[in-house]
Amino acid sequence: MRKHIVAGNWKMNTTVAEGVELAKAVVAASAEVPADVKLIIAPPFTHLYPVAEVVKGTRVGLSAQNCADHVKGAYTGEVAVNMISGLGAEYVILGHSERREYYGETDATLVEKVKLALAEGLSPIFCIGEKKEEREAGRHFEVVTEQVKNVLFELSAEEMAKIVVAYEPVWAIGTGLTATAEQAQEIHAEIRKVLAEKFGELAEEISILYGGSCKPSNAKELFACPDIDGGLIGGAALKAEDFIGIAVSF
Ligand code: PEP
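The structure displayed is predicted, hence computed values, not measured ones.

1. Some details on the side chain of Thr-145
Next up, step 1: Turning to its location among the elements, Thr-145 is positioned in helix H7 (residues 140–151).
Next up, step 2: Relative accessible area serves as the criterion here: at 17%, Thr-145 is assigned to the buried category.
Next up, step 3: Setting aside its immediate chain neighbours within four residues, Thr-145 contacts Glu-190 and Val-194.

2. Section: the pairing of strand S3 (residues 60–64)
The side chains of a regular strand alternate, first on one face of the sheet and then on the other.
Next up, step 1: Burial of S3 is extensive: 5 of the 5 residues sit out of reach of the surface.
Next up, step 2: Here S3 shows two buried faces, one formed by Val-60, Leu-62 and Ala-64 and the other by Gly-61 and Ser-63.
Next up, step 3: Where strand S2 (residues 37–42) meets S3, 3 bridges bridge the pair, whose relative direction is parallel. Bridge assignment links Leu-39 to a residue of S3, and that residue is Val-60.
Next up, step 4: Relative to strand S4 (residues 91–94), S3 runs parallel, the two being bridged by 2 bridges. Paired with Ser-63 across the strands is Tyr-91, a residue of S4.

3. Comments concerning the sheet that holds strand S6 (residues 164–167)
Next up, step 1: With parallel pairing, the 8 strands of this closed barrel are ordered in space as S1-S2-S3-S4-S5-S6-S7-S8. Direction aside, the axes of adjacent strands within the sheet are offset by 30° on average.
Next up, step 2: Against the sheet, helix H2 (residues 48–55) contacts S2 and S3, and its axis sits at roughly 165° relative to S3.

4. Regarding the pairing of strand S5 (residues 123–128)
Next up, step 1: Buried residues dominate S5, accounting for 6 of its 6 residues.
Next up, step 2: Bridge count for S4 against S5 is 4 bridges, and the pairing is parallel. The residue bridging Tyr-91 from the neighbouring strand is Ser-123, located in S5.
Next up, step 3: Pairing of S5 with S6 involves 4 bridges; the strand directions are parallel. Bridging from a neighbouring strand, Ile-125 pairs with Val-164 of S6.

5. Observations concerning the packing of helix H5 (residues 107–119) against H7
Next up, step 1: Their axes nearest at 9 Å, the elements H5 and H7 cross at an angle of 50°. Classified by the angle their axes make, H5 and H7 are oblique. H7 is crossed by H5, and the crossing has right-handed handedness. Where H5 approaches H7, its residues Asp-107, Leu-110, Val-111 and Val-114 are matched on the opposing element by Glu-146, Gln-147, Asn-150 and Val-151.
Next up, step 2: Here the contact of H5 with H7 is built from residues that sort into 4 nonpolar, 2 polar and 2 charged.

6. Looking at H2
Next up, step 1: The set of residues buried in H2 consists of Leu-48, Val-51, Ala-52, Val-54 and Val-55. With its buried residues spanning 160° around the axis, H2 presents them on a single face.

What counts and what doesn't
Think of each chain on its own: its residues are numbered from 1, step by step along the sequence as written. Reporting of local features is limited, given that this is a predicted model, to residues whose pLDDT is at least 70; pairs of side-chain atoms are given and counted only at 80 or more, and all residues count toward the totals for whole chains, interfaces and linings. To get the side-chain values, all heavy atoms of the structure are used, and hydrogens and water are removed first. Secondary structure elements are defined from DSSP: runs of H or I of at least 4 residues count as helices, runs of E of at least 2 residues count as strands, and each element is numbered from the N terminus. The classification of residues rests on relative accessible area computed with a 1.4 Å probe and restricted to protein chains. Under 20% of the type maximum is buried, over 50% is exposed, and intermediate values are partly exposed. Whether two residues are in contact is decided by their heavy atoms: any pair within 4.5 Å suffices. For two strands to be treated as a pair, DSSP must find no fewer than two bridges joining them. To obtain an axis, a line is fitted to C-alpha atoms, over the contacting stretch when the element is a helix, and the angle between two such axes runs from 0 to 180 degrees between their N-to-C directions. Oblique is the label for any angle not covered by the other classes, which are roughly parallel (under 35 degrees), roughly antiparallel (over 145) and roughly perpendicular (65 to 115). Each crossing gets its handedness from the near helix: less than a right angle anticlockwise from the far helix is left-handed, clockwise is right-handed. Side-chain classes are defined by residue name, with Ala, Val, Leu, Ile, Met, Phe, Trp, Tyr, Cys and Pro counting as nonpolar, Asp, Glu, Lys and Arg as charged, and the others, Gly among them, as polar. The directions considered for the arc run from the helix axis to the C-beta atoms.

Next up, the structure:
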């Protein structure tokens, strides 16, 4: 059976002290969530060390929000995969639309990052999704297919087994607009079909999360869809009550 996952992307929010408090609140409330749902939080880099101390030995997993595309060296301001794993993080969000759009991340860079993360034992939460104008032009299937093929088709089956995919329509991120359950299910099924072209039955084992203004009020309907295995949560992950409110929707 595929893993159910609810992951919180805190983005560039909270001070270290606030982040530690938020992590403690998530851990405290995590008992309410069904045991088969994996909870993950992704604080900013600066918070990983103290937050790792909070989640150690609990059911809450730790993720970074990005990593460098080089192993080490003269790359001022970058954070290497072994620095992330060294703090006890097991996941790294890669290819988020904000990184693609504001920091010029290309599929080619993402192949490097995904491979480095995997080699370090991290599981990438790999984000894909179409922009508003691409959906309006009816190109959403084409866009996500290309993102999957350009990056994930470069992996071996063994590597692919460690990937979590997050479908995040860019027009739904932080906008309050959510894809309908029907729109989300349709594209999740398509993503799984594309994965099956290369990876066969393994595609059935890959968790595909939905992201984009997911909240306690709409999570149940989304998570009831057969190809939606959980959520990547932005804004609503900044309040433990809302984050857990989403995770109990399974
Ligand atoms: C995200 O950025 O990954 C996200 C899903 O954000 P939000 O939930 O705020 O739309």
